[in-house]
Amino acid sequence: MIDHLVYASKDLPRASAAIGEVLGVLPTPGGRHIGHGTHNELLSLGGATYLEVIGPDPTQTGLDRALPFGIDGLIEPALVAWCVRPRRPLTEIISEARSAGIELGEVTHMSRRRPDGVLLEWTLTSPQLGGPFGLALPFMIDWAESAHPSATLPPAVHLVELEVIHPEPQQLGDAFAIIGLDTGVTIQKGDQPALRASIETQRGEVTLTS
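Just so it is clear, the structure is predicted and the values come from calculations on it, not from any experiment.

Definitions and limits used
- Residues numbered from 1 in each chain as written.
- Predicted model: local features only at pLDDT ≥ 70, side-chain atom pairs only at ≥ 80, totals over all residues.
- Heavy atoms only, no water.
- Helix = DSSP H or I, 4+ residues; strand = E, 2+ residues; numbered from the N terminus.
- Contact = heavy atoms within 4.5 Å.
- 1 Å grid on protein atoms, 1.4 Å probe; cavity = no way out; pocket = protein on both sides within 12 Å on 5 of 7 lines; lining within 4 Å.
- Points joined across faces, edges and corners; volume = space filled by probe spheres on them.
- Nonpolar A, V, L, I, M, F, W, Y, C, P; charged D, E, K, R; others polar.
- Buried < 20%, exposed > 50% of the residue type's maximum accessible area, 1.4 Å probe, protein only.
- Polar contact = N/O pair within 3.5 Å; in protein donor to acceptor, adjacent residues only side chain to side chain.
- Pairing = 2+ DSSP bridges.
- Phe/Tyr/Trp six-rings, centres within 6.5 Å; stacked < 30°, edge-to-face > 60°.
- Core = buried A, V, L, I, M, F, W, Y, C linked by side-chain atoms within 4.5 Å.

A.B. asks: Can you help me understand the environment of His-36 in this one?
C.D. replies: With respect to the secondary-structure elements, His-36 resides in the loop between strand S2 (28-33) and strand S3 (38-44). Put simply, His-36 and Asp-57 are 21 residues apart on the chain and 8.9 Å apart in space, counted from C-alpha to C-alpha. Among all residues touching His-36, those that are not within four sequence positions of it are Gln-60, Leu-63, Arg-65, Leu-67, Pro-68 and Met-110.

This is the structure:
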């Protein structure tokens, strides 16, 4: 299932304020990704799915690495990636995908501490934004024993549909089948990889795009 959508910006406070203006609900503080140079704020999209608004963390200086999700090169805030929570072990899916010529990346460990002090830990694959599928291909996450971020988020808005656009929808569909993704996503053919999320709010339906 869809775990979360990633909305990135070079300025997290401004991006969160903009999201609040569009969706009618402000994201709440998430935490810092120590060593990765970012911090985030979160907003429930209904059920166990949420929106992550992410940007540079000014308290982390001197890091000799690019920020994730291509944040350094962003001109405007945008949907930059999406994440799924598979039912099978990530390593098993990665191996099967490689056998089919599809690269899903390696599994790494990350953590962050919630504002209430609770430590969340998870494993995930890195977004393959430079690969043939670009941002149309989700990265994967396993929260293991950690509480899911959506558990502490107040009800806000509802993700109606995620449209994933790609020039080769059949190939993308093959990747989705290996991941085990079968609901909540519509594949559309288009010239470039792109994302379009339809979200139901108290003000009506709103669309966020890449």
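Read on, since the account is not over.
A.B. asks: Looking at this model, I keep getting lost on the layout of surface pockets. Mind explaining?
C.D. replies: Empty pockets left among the atoms are what a rolling probe the size of a water molecule brings to light. Quantified by volume, the largest pocket comes out at close to 430 Å³. His-36, Pro-68, Phe-69, Met-110 and Leu-124 are, among the 25 residues lining the largest pocket, the residues nearest its centre. Counting residues per element, the ones that place at least two in the lining of the largest pocket are S3, strand S4 (50-56), strand S6 (107-113), strand S7 (119-125) and strand S8 (139-142). Classifying every residue of the lining of the largest pocket by side-chain character gives 14 nonpolar, 8 polar and 3 charged.

A.B. asks: Help me out: how do you make sense of the environment of Ala-18 in this one?
C.D. replies: If you trace the backbone, Ala-18 turns up in helix H1 (residues 12-23). Overall, the relative accessible area of 33% leaves Ala-18 in the partly exposed class. In this structure, the C-alpha to C-alpha distance between Ala-18 and Ile-2, residues 16 residues apart in sequence, is 23 Å.

A.B. asks: Explain the side chain of His-39 to me, please; I cannot follow it from the model alone.
C.D. replies: Counting through the fold element by element, His-39 comes out in strand S3. The buried category is assigned to His-39, whose relative accessible area is 16%. A distance of 3.1 Å separates a polar atom in the side chain of His-39 from the backbone oxygen of Pro-56. For His-39, the contacting residues outside a window of four places in its chain are Leu-12, Gly-31, Arg-32, His-33, Val-53, Ile-54, Gly-55, Pro-56, Asp-57 and Pro-58.

A.B. asks: What exactly am I supposed to notice about the pairing of S7 here?
C.D. replies: For a regular strand, side chains alternate in direction, first toward one face of the sheet and then toward the other. Pairing geometry for S6 and S7, over 7 bridges, is antiparallel. From the neighbouring strand, Ser-111 faces S7, where its bridge partner is Glu-121. Hairpin connection, S6 to S7: the antiparallel pair is bridged by 5 residues, and Gly-117 has positive phi, about 95 degrees. Sheet topology places S7 next to S8; 2 bridges connect them, and they run antiparallel. Across the sheet, the residue bridging to Thr-123 is Asp-142, located in S8.

A.B. asks: Even after reading the chapter, I still don't get the packing of aromatic side chains, so can you show me in this structure?
C.D. replies: Aromatic rings considered in pairs are described by the distance between their centres and by the relative angle of their planes. Scanning the entire structure with this criterion turns up 3 aromatic pairs. The interplanar angle of 45 degrees and the centroid separation of 5.8 Å between the aromatic rings of Phe-69 and Phe-139 together place this pair among those described as tilted. In this pair, Phe-69 is assigned in the loop between S4 and strand S5 (78-84) and Phe-139 in strand S8, connecting sequence segments 70 residues apart. Looking at Phe-69, the relative accessible area reads 14%, which means it is buried.

A.B. asks: Hey, could you run me through the nonpolar core in this one?
C.D. replies: When a protein is soluble and globular, its nonpolar side chains tend to lie buried together. Counting residues in hydrophobic clusters, the biggest one holds 40 residues, and the most contacted among them are Leu-5, Leu-51, Trp-82 and Leu-104. In terms of residue count, helix H3 (residues 169-179) provides more of this core than any other element does, 5 residues in total. Core analysis: the next-biggest nonpolar cluster, separate from the first, contains 20 residues, Ala-8, Leu-42, Tyr-50 and Phe-69 among them.

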